[in-house]
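Okay, here's what each chain looks like letter by letter:
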Amino acid sequence: MLSRNKIAIVMYTGAMRYKPGHKEQSHARILEAVGRGFRRHGIGGIGVDGLAREAGVTSGAFYTHFPSKSAAFEEAALAGLESLRASIEALKAEHGSGWVAAFVDFYLGFKRTCLLDEACGLQALTPEVIRADVAVRSAYQASLTGVVQAFAQGLPERHGALSNQERAWALLALLSGGVTMARSTADEKLSDEIAMAVKQAARIVVG
């Protein structure tokens, strides 16, 4: 029969037998949930307790992953941009030269009509970043530039006044701003009209 001390040791070591990558997977799951909370409520509309509930953890567990709500927001905002960049690369691989049209359709379709917690971070979280401190905005700027570069590298060549990178900035601003405006309307028909107008403008920019 095991002594009390040995039982304690077995229980402790058993609790620590996590698979490789468990900590990273747990953090990614919690970060995804935190991002959903920020998208739905905004940084001022949800506190640590609410974010912890969103992730299905205690507030104490939340602080083992993030030192503060502000740090959690920064990481969630950057993760949103990384998700956007990865989606761009995936569409390039899947659709070839037709990836831009597929991206525009998806962005003005599903990403315009989905629940806010599924919205694109570029559209949903950028207004919150505007109010953040310089350090957060600088980190966001670096990640956003990476998204634009990925977008620009996949654009068809076009002779004109704008470079590919300038066209990429214009397209992403047009799409995210268009979705924001379309989401702000109560009339679904008007929202559809805004989306169609933005799609036509995007085609002009792409050429």
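All values derive from a computational prediction rather than experimental measurement.

Asker: What exactly am I supposed to notice about the nonpolar core here?
Answerer: Soluble globular proteins tend to pack their nonpolar side chains together in the buried interior. In terms of nonpolar packing, the biggest core is built from 51 residues, with Val34, Phe38, Phe62, Ile88, Phe103, Leu122 and Phe151 touching the most fellow members. Taken together, the elements giving at least two residues each to this core come down to helix H2 (22-41), helix H3 (48-55), helix H5 (69-95), helix H6 (99-108), helix H10 (134-153), helix H11 (164-183) and helix H12 (188-206). Ranked by residues supplied to this core, first place goes to H5 with eight residues. Once residues lying within four places of it in the same chain are set aside, the contact partners of Leu122 are Leu81, Leu84, Tyr107, Tyr140, Leu144, Leu172 and Ser176.

Asker: Explain H5 here, please?
Answerer: Every α-helix carries 3.6 residues per turn, so stepping three or four residues along brings you back to the same face. With 27 residues, H5 should cover 39 Å at 1.5 Å per step; its first-to-last C-alpha distance of 38 Å lies within 8% of that length. Buried within H5 are the following residues: Ala72, Phe73, Ala76, Ala77, Gly80, Leu81, Leu84, Ile88, Leu91 and Lys92. Positive phi shows up at Gly96, right after H5, with a value of about 60 degrees.

Asker: Any chance you could explain the environment of Ala124 here in plain terms?
Answerer: The residue Ala124 is located in helix H8 (residues 121-124) in this model. In sequence terms Ala124 and Phe38 are 86 residues apart; their C-alpha atoms lie 8.7 Å from each other.

Asker: Explain the pattern of salt bridges to me, please; I cannot follow it from the model alone.
Answerer: A pair can form between side chains of opposite charge whenever their charged atoms are brought close. Tallying each qualifying case throughout the model produces eight salt bridges. Here Lys92 makes a salt bridge to Glu89, at a shortest N to O gap of 3.7 Å. Note that Lys92 and Glu89 are positioned in helix H5 at a spacing of three residues, about one turn of the helix. Judged by relative accessible area, Lys92 falls into the buried class, the value being 17%. Residue Glu89 is classed as partly exposed on the basis of its relative accessible area, which comes to 31%. The partner of Lys199 in a salt bridge is Asp105, and the shortest N-O contact between them spans 3.0 Å. In this pair, Lys199 sits in helix H12 while Asp105 sits in helix H6, placing the two residues 94 residues apart along the sequence. The class of Asp105 is partly exposed, set by a relative accessible area of 41%.

Calculation rules
- Residues numbered from 1 in each chain as written.
- Predicted model: local features only at pLDDT ≥ 70, side-chain atom pairs only at ≥ 80, totals over all residues.
- Heavy atoms only, no water.
- Core = buried A, V, L, I, M, F, W, Y, C linked by side-chain atoms within 4.5 Å.
- Buried < 20%, exposed > 50% of the residue type's maximum accessible area, 1.4 Å probe, protein only.
- Helix = DSSP H or I, 4+ residues; strand = E, 2+ residues; numbered from the N terminus.
- Contact = heavy atoms within 4.5 Å.
- Expected span 1.5 Å × (residues − 1).
- Salt bridge = Lys/Arg side-chain N within 4 Å of Asp/Glu carboxyl O.

The analysis is restricted to geometry; functional conclusions fall outside its scope.
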